[in-house]
Every structure is written in structure tokens, then in C-alpha cells.
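Listed below are the residues making up each chain.
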Amino acid sequence: MNFLTIDVFLTIFIGMGPVKALLVYLAITKDANPELQRKVARKAIRTATIVGILLLLAGALLMQILHFSRGALAVAGGLILLLLALNLVLSPAKEEEHGAAPDEGALMSMAIYPLGIPLLLNPIGIVALTVFSGEAQTPLDLAVLLGMLLVVAVLDLLIFAVAHRLDRFLTYERILVLEKLLGILLAALAVQLILNGLADVGVLTLSGGH
């Protein structure tokens, strides 16, 4: 498999891009000072990147040891992503009160979960990196994948660094609308991931060769 393609990069970007984590990051760090905001962003990105690297290096071994197929992994990842999406769409609207200084310990903990995992490195990324690990044939393949992963991490860092400049445009109502829209899009991705997994294990056949 040729990993040096835009499709592979886009898959990694979707799986570890900032879109899903950004709204949550903006909400929880809204009242934090800039230095703490940067610390939370760096912690989340570092967590996602380290786990992503481990999946690339050991994903194939894990699949062999635990005896699961990439189809089963895709279905499991899709179900988890679907639950996250449904929570975004169906959770009741509740405006948070701001003003009290954020607790640094709590924010740094949230930087690992849920920001780092499973919002930044989401189920799509976990499935993709594990499958790529199994399909990589040479050290060069792994080097290309690691390079793409690090490029995505740098892009995440740059986007998070300027995210709070958008605060004045992101009112509570706008954030709520974006969250619901994001949840619907994530649900669609989750269903597609489940369908791909079922097709991979031969349960069904997708039209159009997807």
C-alpha cells in the first residue's frame, strides 16, 4: 500500500484533527488565563500524539495478540463514535456559568480525557492508525505515517494557539448550534465506519465499492 497519498493524510487529519475537540477546549478554558490555556492545549495534543505513535508502532501486534480483525475494530470504533455523536446532539442545552477561576488540576485532567482521547484522537483515528500499522510493510512506510501524524499534531497546535481569538464570535447560542451540527456529522461518520467494518468482515456489500 502506498501511504504517501492525500487520502491517507486526510484520514489521519480527520482522526486527529482539531474540529471535534476545539469547541470543548474553548468552552472549558474560556475563563482560564492564556498560559493555562496553552498548557491545556499542549497536554491534549501531546496525549493524542503519543497514543497515536504507540498505535502505529504496536497496532499490528495488538491485532495479532487480541485476535480481532480490522472490520471488528471499525465496528467498535464506529459504535463509540456514534455514542459520542448522539450525546452531542441529544444532550439538553445548559448554559454554563462563568466567572470563577478554573481549577488547573481539573483542566489538565480534562486535557487527557476527553480532549486528548477520544475527542482529538477520536475513534476514526484509532481505527485508522491501528489498521495502517498492520498494513505497513517497511520502516519507510512507518516513517511516512509518523511524519504525517506529526504534521497533523503541529497543525493542531497552531489552530489551538489562535482558537481563543474567536471567542468574541462564539456566543453560547452559536456554540450550541455548532455542537449539534458537529454531532450530526459525527453520527454520519460513525455509521459509515460501522458499515465499512461490516463490509470488511463480509456481513454486507457496499454499493460503489466503499
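The structure we're discussing is the one just above.
Cut-off values and rules
- Residues numbered from 1 in each chain as written.
- Predicted model: local features only at pLDDT ≥ 70, side-chain atom pairs only at ≥ 80, totals over all residues.
- Heavy atoms only, no water.
- Salt bridge = Lys/Arg side-chain N within 4 Å of Asp/Glu carboxyl O.
- Helix = DSSP H or I, 4+ residues; strand = E, 2+ residues; numbered from the N terminus.
- Buried < 20%, exposed > 50% of the residue type's maximum accessible area, 1.4 Å probe, protein only.
- Axes fitted to C-alpha atoms, helices over the stretch in contact; angles between N-to-C directions.
- Parallel < 35°, antiparallel > 145°, perpendicular 65-115°, else oblique.
- Left-handed = near helix turned anticlockwise from the far one by under 90°.
- Contact = heavy atoms within 4.5 Å.
- Nonpolar A, V, L, I, M, F, W, Y, C, P; charged D, E, K, R; others polar.

1. Describing the pattern of salt bridges
Stage number 1. Evaluation of the coordinates by the stated rule reveals five salt bridges.
Stage number 2. Residue R38 pairs with E35 through a salt bridge whose shortest N-O separation is 3.0 Å. With R38 and E35 both in helix α3 (residues 34-66), this residue pair falls three residues apart, about one helical turn.
Stage number 3. Across the pair R42 and E35 runs a salt bridge, and its minimum N-O distance is 3.7 Å.
Stage number 4. You can call R42 partly exposed: its relative accessible area is 36%.
Stage number 5. The exposure class of E35 is partly exposed, given its relative accessible area of 38%.
Stage number 6. What you see here is one network of salt bridges that share partners, running through E35, R38 and R42.

2. Remarks on the packing of α3 against helix α5 (residues 104-120)
Stage number 1. Where α3 meets α5, the closest approach of the two axes is 8 Å, and the angle between their N-to-C directions is 40 degrees. Judged by the inter-axis angle, α3 sits oblique to α5. Note on packing geometry: the crossing formed by α3 with α5 is right-handed. Contacts between α3 and α5 involve L36, K39, V40, K43, A44, I45, T47, A48 and V51 from the former and E104, L107, M108, A111, I112, L115, G116, I117 and L120 from the latter.
Stage number 2. Here the contact of α3 with α5 is composed, by residue class, of 13 nonpolar, two polar and three charged.

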